[in-house]
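Descriptive analysis of the structure
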Amino acid sequence: MNFSKKYTAKLLFSIFVLSPVWLQAQEKKAPQLGKATVKEVIDAMTLEEKVKVLVGTGKAPKPKTPPGVSSGWVPEPTMIGHTEKKVPGAAGNSCEIDCLGIPSLTFADGPAGVRISPKRKGDTINTYYATAWPVGTMLASTWNTELVEEVGRAFGDEVKEYGVDVLLSPGVNIHRNPRNGRNFEYYSEDPLVAGKIAAAFINGIQFNEVGTSIKHFVANNQETNRNYVSSTISERALREIYLKPFEIAVKEAQPWTVMSSYNRVNGKYTAQSTDLLTTVLRDEWGFKGFVITDWGGGYNWVEEMQAGNDMIMPGRPDQIETLINAVKHDSLKESVLDRNLEHIFNVMLKTPTLKKYEYSDKPDLKAHAKIAYNAATEGMVLLKNENAALPVNKSIKNVAAFGWGTYNTLTGGTGSGEVNKAYVNSVYKGLTDAGFKADESLRALYESKQPLKGAIIDAAAIENDIAIITIARISGEGYDRSIEDNYMLTDDEKDEIKQIADAFHAKGKKVIAVLNIGGVIDMQGWQNFADAILLAWQPGQEAGNSITDVLTGKVNPSGKLVTTFPVKYSDVPSAENFPGQPAERPEFVLYEEGVYVGYRYYDSFNIKPMYEFGYGLSYTNFDISGLKISKKEVNGNLTVTVTATVKNTGNVAGKEVAQIYISAPDSTIDKPEQELKAFGKTRLLKPGESEQLTFVITAKDLASYHTDSSEWIADAGDYTVKVGTSSRNIKIKNTFTLSKPIVAEKDHPLRKPDVKFTELKHSK
Ligand code: BGC
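As the structure is a computational prediction, the values presented were derived from the model and not from experiment. (Residues numbered from 1 in each chain as written. Predicted model: local features only at pLDDT ≥ 70, side-chain atom pairs only at ≥ 80, totals over all residues. Heavy atoms only, no water.)

Scanning the chain from N- to C-terminus turns up 22 helices and 26 strands. What you see for the chain is a C-alpha radius of gyration of 28 Å, in line with the 27 Å of a compact globule of 764 residues. The principal-axis extent of the C-alpha atoms belonging to the chain is close to 110 × 70 × 50 Å. Within the chain, buried positions represent 61% of all 764 residues. Taking the contacts inside the chain whose residues are at least 6 apart along the sequence as the reference set, 78% of them involve residues at least 24 apart. Counting every atom, the chain has about 29400 Å² of accessible surface; 52% of that belongs to carbon and sulfur. (Helix = DSSP H or I, 4+ residues; strand = E, 2+ residues; numbered from the N terminus. Rg over C-alpha atoms; globule rule 2.2 N^0.38 Å. Buried < 20%, exposed > 50% of the residue type's maximum accessible area, 1.4 Å probe, protein only. Contact = heavy atoms within 4.5 Å. Areas by Shrake-Rupley, 256 points an atom, 1.4 Å probe, with all protein chains shown as cover.)

Right, let's talk about the sheet that holds strand 9 (residues 290–292) for a bit. On the basis of which strands lie adjacent, the open sheet formed by six strands has the order 1-2-3-4-6-9 and mixed pairing. Two strands lie at the open edges of the sheet, namely strand 1 (92–93) and strand 9, each paired on one side alone. Of the strand pairs in this sheet, strand 2 (residues 106–109) and strand 3 (residues 166–168) are connected by three bridges, and their pairing is parallel. Counted as the bridge partner of Ala-108 is Leu-167 from strand 3. Against the sheet, helix 7 (residues 191–206) contacts strand 3 and strand 4 (211–217), and its axis sits at roughly 150 degrees relative to strand 4. (Pairing = 2+ DSSP bridges. Axes fitted to C-alpha atoms, helices over the stretch in contact; angles between N-to-C directions.)

The next subject is the site of the ligand. Neighbouring the ligand are 13 residues, the closest being Asp-109, Arg-182, His-216, Asp-294 and Glu-477. With respect to the ligand, the side chain of Lys-215 contributes an N or O atom lying 2.9 Å from an oxygen atom. Protein coverage of the free-state accessible area of the ligand, which is 310 Å², stands at 92%. Across the shell around the ligand, the residue classes break down as five nonpolar, two polar and six charged. (Near = heavy atom within 4 Å. Polar contact = N/O pair within 3.5 Å; in protein donor to acceptor, adjacent residues only side chain to side chain. Nonpolar A, V, L, I, M, F, W, Y, C, P; charged D, E, K, R; others polar.)

Taken across its five residues, strand 10 (residues 381–385) has four buried, putting it largely inside the fold. Pairing of strand 10 with strand 15 (residues 532–535) involves four bridges; the strand directions are antiparallel. In the strand pairing of strand 15, Lys-384 is matched with Ile-533.

Time to look at the side chain of Thr-278. Note on placement: Thr-278 falls in helix 10 (residues 274–284). By relative accessible area, Thr-278 is classed as buried at 16%.

The next thing to look at is the packing of aromatic side chains. Under the counting rule described, the total for this entry stands at 22 aromatic pairs. When the centroid spacing of 5.5 Å and the interplanar angle of 85 degrees are considered together, the rings of Phe-155 and Phe-201 count as edge-to-face. Of this pair, Phe-155 sits in helix 6 (residues 145–161) while Phe-201 sits in helix 7; the two residues are 46 residues apart in sequence, bridging distant segments of the chain. For Phe-201, a relative accessible area of 0% translates into the label buried. (Phe/Tyr/Trp six-rings, centres within 6.5 Å; stacked < 30°, edge-to-face > 60°.)

Spanning 17 residues, helix 6 covers 24 Å between terminal C-alpha atoms, matching the ideal 24 Å at 1.5 Å per step. Those residues of helix 6 not exposed but buried are Leu-147, Val-148, Val-151, Gly-152, Ala-154, Phe-155, Gly-156, Glu-158, Val-159, Lys-160 and Glu-161. Buried residues belonging to helix 6 abut helix 5 (136–141), strand 3, helix 7 and helix 14 (365–379). Backbone nitrogen of Glu-146 and a side-chain oxygen of the N-cap are separated by 3.2 Å at the start of helix 6; the cap is Asn-144. At the exit of helix 6 stands Gly-163, carrying a positive phi of roughly 80 degrees. (Expected span 1.5 Å × (residues − 1).)

Across the junction of Asp-109 and Gly-110, the peptide omega takes the value -5 degrees, indicating a cis bond. Secondary-structure assignment places Gly-110 in the loop between strand 2 and helix 5. For the bond running from Met-313 to Pro-314, omega is -5 degrees, close enough to zero to count as cis. In this structure, Lys-449 takes a positive phi of about 55 degrees despite not being glycine.

Right, let's talk about helix 13 (residues 334–348) for a bit. Given a rise of 1.5 Å per residue, 15 residues ought to cover 21 Å, and the 20 Å separating the end C-alpha atoms of helix 13 matches this to within 8%. Inspection of helix 13 places Val-336, Leu-337, Asn-340, Leu-341, His-343, Ile-344, Phe-345, Val-347 and Met-348 among the buried residues, and these make up the whole buried set. In the core, the buried residues of helix 13 are packed alongside helix 3 (38–43), helix 4 (47–54), helix 10, strand 9, helix 11 (301–307) and helix 12 (317–328).

On to the sheet that holds strand 5 (residues 230–232). Strand order in this open sheet of four strands is 8-7-5-16, and the pairing throughout is mixed. Strand pairing shows two members of the sheet lacking a second neighbour, strand 8 (268–269) and strand 16 (588–590), which therefore form its edges. Where strand 5 and strand 7 (residues 264–265) come together, two bridges link them in parallel fashion. Within the sheet, the bridge partner assigned to Ser-231 lies in strand 7 and is Val-265.

With that settled, the discussion passes to the nonpolar core. For soluble globular proteins, nonpolar side chains are generally found buried alongside one another. Grouped together as the largest cluster of nonpolar side chains are 154 residues, with contacts concentrated most on Phe-402 and Phe-565. In terms of residue count, the dominant contributor to this core is helix 7 (10 residues). Val-55, Phe-107, Val-302 and Leu-354 belong to the second largest nonpolar core, which has 44 residues in total. (Core = buried A, V, L, I, M, F, W, Y, C linked by side-chain atoms within 4.5 Å.)

Counted residue by residue, strand 11 (residues 398–402) has four buried out of five residues, so it is predominantly covered. For strand 11 and strand 12 (residues 437–438), the ladder comprises two bridges, and the chain directions are parallel. Each residue of the ladder has a partner; that of Val-399, found in strand 12, is Ala-438. Between strand 11 and its parallel partner strand 12, the chain crosses via helix 15 (residues 427–433), and the hand of that crossover is right-handed. Both strand 11 and strand 13 (residues 466–472) contribute to a ladder of four bridges, which runs parallel. Among the inter-strand pairings, Ala-401 is bridged to a residue of strand 13, identified as Ile-468. (Right-handed = clockwise from strand over helix to strand, strands pointing away.)

Structural data, given as structure tokens:
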């Protein structure tokens, strides 16, 4: 080619090929997600493009020790891939394919607030704080699904306004054992409470047209060796207890995504389980979203794809390579990838990023703080109130505030559930803002980390009108709580509480304990020294205000326990089987207690708890009457409608939770003494006011899972319906009878435990 020919060719290339007209024409040719059908987009993708979308954009190198090889494997910090993120501090992103209009989705933690970086490089003007909401257990302790949905709506607005597509929340793992370091993120020991609260939360978040990721699916009930331990569990317990909250939430709220867990179930990684991710989740429950791994979960990427774990997070280059090679060598069908992509794209179509939503980075944090405050006041549980020690007497001015939690109040736990909030309203601030005069010498002492001495306590008892002791406990992702110095109070703590109580009681002054904790603690002995105990959980950024307003009676407490406080740790049904065997690095953990988790155990085996499930005091009294039960069968579908009237019989306005427990007849399988089947919270009732509540219970709700036939059966016999204000404070009851058994649903048999064990049984 001579010079002019070369030049002409170049010119023509520039005019036609690089011209915007040509580029546009090319773009038109390639189907665009959101414009063309999902199928057309998938058909237009190369194998490399497909795999890139199925694996997140994390750039971490392959970890040195492959997961699953060593029983002690824990993810290396480098596993959490770092990439140029649209939203700094977000947990991860999916990969964009520009030419097909496939955007990069942003995923951010977590259950107590949008976890993103509060500051950004090169930006000295703006901040990106998020509201720190009360932790999951506290939201559940409100037993108020409307309020939780309202929290979800405000929380979801922050998700959307910060440019995030999917919030990695809620966490609905069951409180199997109080030592689990992440219990604060989770809702309850009871699957119905966990499921209903989760559904309300998801509906609230997704109202904003952003997604959720319900996690960790499933039976991830401990942190110790979480990446390898196998939860060894019967199918009945798995379905009735551990899968149940996911089932309720999927059916009632359709979360956009589900996050499979790190652990194995009966020897198989959940991320690689077709049983769990396809049979149960999609075929049985009708899940329509996509499944993502937990960050670095599982180890066989091909199996993950086949099982229906649609997206691997946070993603690594070697995972992309492995999947491409597997397709090329026929060990993975490309149609499996297409199926998974379809799941992802169907959700992607709804995302703000695909819709090019212009987020503000300025959610209304002030308005949200008010909702966080409401949820915190409503989630507090008044455990003890002797001689009406609370609300604090109006004449009280001077407060001796003990405990480091007064000054460094914990809003939540640590790990991915932590939130970068703009402020923490401490107990000290809450009290002083409300007009109390706090003992400044105590403050100086705690702030300078000086020991509390007897003489200081004596002086404080002379100078102040009341003692408020804040007992705080932190826990978080990656470790379980030790019995000695986390579940138990230390000897020093117990001594101090006794000394404070002796000094104040000698002067006729009250002692109030405030529990700023994320999970159950030991209450034995020391609790006798306090006149009142307020369980304030980890209440989010509005901690101090909300605690103060409950202490003063500005807000009447109406929270109820969602998890039992046992008398002693050894009473916990899984005490012997936590965290599994061998103890240092458990390979498996036997769920020998079967369905007898929490109150199902304490009530069936007559073990008296310290504070029972469903318990919580109020500054007023309530009565429940007028129980009516009506049974109807329409087109073969049974519905049992229960109504009852709650009346405020005390002197101040308050809310009450009516809890419906049902004792089912035994059949070929044993049943817990009673199980919560419905609950409802009244509006704020003035003294003398009543409200009638109605509950609808179906055959599936009444049914137990018969593993032999893979059927949910409501057995024939007498059912006792009890309406109470706790699991042990039943106000009224009655029975109805099923003359013949009802098969409510037939499911598929799941993988059996791979270690032999004898499951706990109980016969009434
Ligand atoms: C946690 C998840 C979290 C993810 C992303 C994991 O370590 O188990 O709950 O969503 O990290 O931060």
